[in-house]
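What follows is the residue order along each chain.
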Amino acid sequence: MRRSLVLLSAGLTVLPTGLASAQNNTPRNLILFIPDGLRALKVTPETAPAMAEVRDKGVNFKNPHSLFPTFTMANGSAMSTGHYLGDTGVFSNTIWTNYTSAPAGDTVVPFIENDAVLGDIDEHFKGDYLNEETILKMARDKGLSTAAIGKVGPTYQFDHTDKPEKPGQHSIVFDDSTGGKNGVALSDEVKDALTKAGLPLATPPRGDNSKAGDAKTPGTTVANVAQQAYFADVATKVVLPMFKARNKPFVLVFWSRDPDGSQHNTGDSLNQIMPGINGPTSMAGIKNADTNLAQLRKALDELGLAASTNIIVSADHGFSTISKESKSSSSAKVSYDDTLFLALDLPLFDPNDKNAKVEGNKHPRAGNGVLGKDPEKPDLVVATNGGSDLIYLPNKDKKLAAKTIKALLEQDYVSGLFVEDSLGRFPGTLPLSSINLRGKAATPTPSIVVNFRSYASDCGEAPTNCSVQVADTVLRQGQGMHGSFSRGDTMNFMAAIGPDFKAGYVDEIPVSNADVGMTAARLMGLRGSQNGGLIGRVMSEAMPNGIVPKAFVGTLKSKPAEGGLMTVLNFQRVGNQRYFDAAGFPGRTLGLEPEAGKQKTAGK
């Protein structure tokens, strides 16, 4: 592994005195805008003029990083707390909780993009499954105005411990569930403001944008326009005017489901790799998110708030087109998980079907599985997610770990394995600690994280825009997914603009979604208690008179497994912070070239 000769001091996360004083004397506001699944290099003045303007007139974070596993809830936890996933415990969108979650459909592997499910998990983990304070909670405790608006799941996660039924100040939360039984309750003040603005009290559905299609029927061909127009109207016609009237600093999170939703469900490329997620539906999703941002910025101007408001735009992850091609797991016969289930030769039960036994040619409904003689006390649990999967060994059985790893190494759709440190070292794998997945998490830590194969198609654009991945999902080939360690998935769009950011600045230093959380807290003068030490850094180089640190590159390689496979991790380093570019088996991961001398970060 190449190491830097210089380690910068912890002072990287301390802002210059001049800037800190300016913040104390002039109250600032913050808008964190998350265009879900936006690839960095898809943004141009033509495709997304509002986001291009923020990037080109403000700060262009040219070296951005989503955290692996590159999923929404995982990276939302990083942005909301400033901590890596080893501390937040949100390892993917579907996790094993070691108890049966009723709101998730009586399963031990809940899909957590759901307010009721998050509330249920909170109850089972001492009232705070993240185990770290969020920026909205810290801001609310400080007396600032706070709001989170947008996609169900990550929106609520920004202030999931708030209790609207109790006296005191609360965050305003709008998501897909607003107005329904699982939605966060709205105050009478907010309801009255909605009525005066001519807006309904309930969020409209996604409509055709939610249609994923099937093997013979294409998915959606429209963006999530109506629902997100409602969220944008709520933000600009209700929340921002209300915050201005309060005359105190505010933090507003706006989580745009697009382009993620349109890329997942795209109907432009049924069973075909191209155009995949580069078709007109995906581009409409990008434009839809951009329209929302433009509306927010226009409202800031009209309300006289632009000069005092910082805006950070950060996508949670990149995106890839789905491939179902594999010689070792033909999609025409069995799913990817089925090959593992068969190799382990353990009784299999479906946690999404009341632990019904799975026999013969059948396979679990959602791909998740609990294995062992007793489904209530499983030996192994598989939580499927997309571009990567999580495997849990409740009994910490090292022999079963070795057998599982051997089976996975034989599959051509696998590209890299990461194993819980306490299980020991296995040839061909790297430890979870090497990618910051081992920390102070309250939820169970996976035993094995499986990354799937990825590559670039001949789409005629930058490799990260042409990313293709094998994905463990019910979606079809040609639709969209993420979650892998491909540079196509780790290279998210990031930019910022405002009074506390440089103008027209290109930031070549690596940054990540954990840095977004830490920077947001510092901009607003927020301090909270910390349980874990896996934290991001303040992006000081993007601020006037800020320290510009040095960055270094490195590579970490496992010992080769029988057959020669090695998990390789390409990373960058700023001080003690690691930024993970790509990982897997060289030649099977986009951004990880087979020849060591040609290794580079794809798309840069």
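Residues numbered from 1 in each chain as written. Predicted model: local features only at pLDDT ≥ 70, side-chain atom pairs only at ≥ 80, totals over all residues. Heavy atoms only, no water.

A few words on the packing of aromatic side chains. Enumeration over the complete set of coordinates arrives at 11 aromatic pairs. Pairing Phe-33 with Phe-254 gives two aromatic rings, centres 5.4 Å apart and planes at 5°, and the pair type is stacked. Of this pair, Phe-33 sits in strand 1 (residues 29-35) while Phe-254 sits in strand 5 (residues 250-256), and the two are 221 residues apart along the sequence. Each member of the pair, Phe-33 as well as Phe-254, carries the same accessibility label: buried. Plain terms: the ring middles of Phe-418 and Phe-485 are 5.8 Å apart, the flat faces sit at 45° to each other, and that makes the pair tilted. Residue Phe-418 is found in strand 13 (residues 414-419), and its partner Phe-485 is found in the loop between strand 18 (480-481) and helix 14 (487-490); the two are separated by 67 residues along the sequence. Comparing Phe-418 with Phe-485, the two get one shared label, buried. Here the aromatic cluster, defined as three or more aromatic residues joined through ring pairs, consists of Phe-68, Phe-418 and Phe-485. Between Lys-502 and the ring centre of Tyr-505, over which it is positioned, the NZ or CZ distance is 4.2 Å. Over the ring of Phe-571 we find Arg-578, and its NZ or CZ is 4.5 Å from the ring centre. (Phe/Tyr/Trp six-rings, centres within 6.5 Å; stacked < 30°, edge-to-face > 60°. Helix = DSSP H or I, 4+ residues; strand = E, 2+ residues; numbered from the N terminus. Buried < 20%, exposed > 50% of the residue type's maximum accessible area, 1.4 Å probe, protein only. Lys NZ or Arg CZ within 6 Å of the ring centre and 35° of its normal.)

The next thing to look at is unusual backbone geometry. Following Phe-68, the chain continues into Pro-69 via a peptide bond in cis, with omega recorded as -5°. For Pro-69, the location among the structural elements is in the loop between strand 2 (59-61) and helix 3 (72-81). The omega torsion across Met-274 and Pro-275 is 10°, close enough to zero to call that bond cis. With respect to the helices and strands, the residue Pro-275 is situated in the loop between helix 10 (260-264) and helix 11 (280-302). Of note, Asp-345 is a non-glycine position whose phi angle comes to about 55°, a positive value. Among the secondary structure elements, Asp-345 is positioned in the loop between helix 12 (336-344) and strand 8 (348-350).

Next up on the list: the sheet that holds strand 6 (residues 309-314). An order of 4-3-5-1-6-19-2-20 is seen for the eight strands of this open sheet, with the pairing classed as mixed. The outermost strands of the open sheet, each flanked by one partner alone, are strand 4 (172-174) and strand 20 (505-507). On average, each strand axis in the sheet is inclined to that of its neighbour by 10°, with strand direction left out of account. One ladder, built from four bridges, connects strand 6 with strand 19 (residues 494-497); its direction is antiparallel. From the neighbouring strand, Val-313 faces strand 19, where its bridge partner is Ala-495. Across the sheet, helix 9 (residues 225-246) touches strand 3 (145-150), strand 4 and strand 5, and the angle it forms with strand 5 is around 180°. Running over the sheet, helix 15 (residues 513-523) touches strand 1, strand 6 and strand 19 and is turned about 170° from strand 6. (Pairing = 2+ DSSP bridges. Axes fitted to C-alpha atoms, helices over the stretch in contact; angles between N-to-C directions. Contact = heavy atoms within 4.5 Å.)

Turning next to the confidence of the model for the chain. The predicted structure's coordinates, where accompanied by low pLDDT, should not be read in detail. This prediction gives the chain a mean pLDDT of 93; 92% of its residues lie at or above 70. Confidence over residues 1-24 falls short of pLDDT 50; this stretch has 44 contacts with residues more than four positions distant or in other chains. Overall, residues 597-604 carries pLDDT values under 50, and its contacts beyond four positions in sequence, including any with other chains, amount to 23 contacts. (pLDDT = per-residue confidence, 0-100.)

Moving on: the state of the cysteines. Put plainly, two cysteines are in a disulfide when a covalent bond ties their sulfur atoms together. As enumerated under the stated definition, the model contains one disulfide in all. A sulfur-sulfur separation of 1.8 Å characterises the disulfide bridge that pairs Cys-459 with Cys-466. Looking along the S-S bond of the Cys-459-Cys-466 disulfide, the torsion reads about -65°, which is the left-handed sense. (Disulfide = S-S within 2.5 Å.)

All of the buried residues along helix 5 (residues 115-124) are Asp-115, Val-117, Leu-118, Asp-120, Ile-121 and Asp-122. Contacts from the buried residues of helix 5 go to helix 3 and helix 7 (154-157). Just downstream of helix 5, Lys-126 is the residue with a positive phi angle, here 55°.

For the rest of this paragraph, the subject is the sheet that holds strand 23 (residues 577-584). The sheet built from three strands is open, its strands ordered 21-22-23 with antiparallel pairing. For this open sheet the edge positions go to strand 21 (552-557) and strand 23, each flanked by a neighbour on one side alone. Taking each pair of neighbouring strands and ignoring which way they run, the sheet shows an average axis angle of 25°. Sheet analysis places strand 22 (residues 568-574) next to strand 23, joined by seven bridges and oriented antiparallel. Counterpart to Val-574 in the pairing with strand 23 is Gln-577.

Further remarks concern empty space enclosed by the protein. With the rule as written, the count across this model stands at three cavities of 30 Å³ or more. Of the pockets and cavities examined, the second largest cavity occupies roughly 50 Å³. Taken together, Ile-273, Met-274, Pro-275, Asn-278, Thr-321, Ser-457, Cys-459, Asn-465, Cys-466, Ser-467 and Val-468 form the lining of the second largest cavity. Classifying every residue of the lining of the second largest cavity by side-chain character gives six nonpolar, five polar and no charged. (1 Å grid on protein atoms, 1.4 Å probe; cavity = no way out; pocket = protein on both sides within 12 Å on 5 of 7 lines; lining within 4 Å. Points joined across faces, edges and corners; volume = space filled by probe spheres on them. Nonpolar A, V, L, I, M, F, W, Y, C, P; charged D, E, K, R; others polar.)

So, on to helix 3. Most of helix 3 sits inside the fold, with 10 of its 10 residues counted as buried. Thr-72, Met-73, Ala-74, Asn-75, Gly-76, Ser-77, Ala-78, Met-79, Ser-80 and Thr-81 are the residues of helix 3 that are buried. Just past helix 3, the residue Gly-82 takes up positive phi, approximately 85°.

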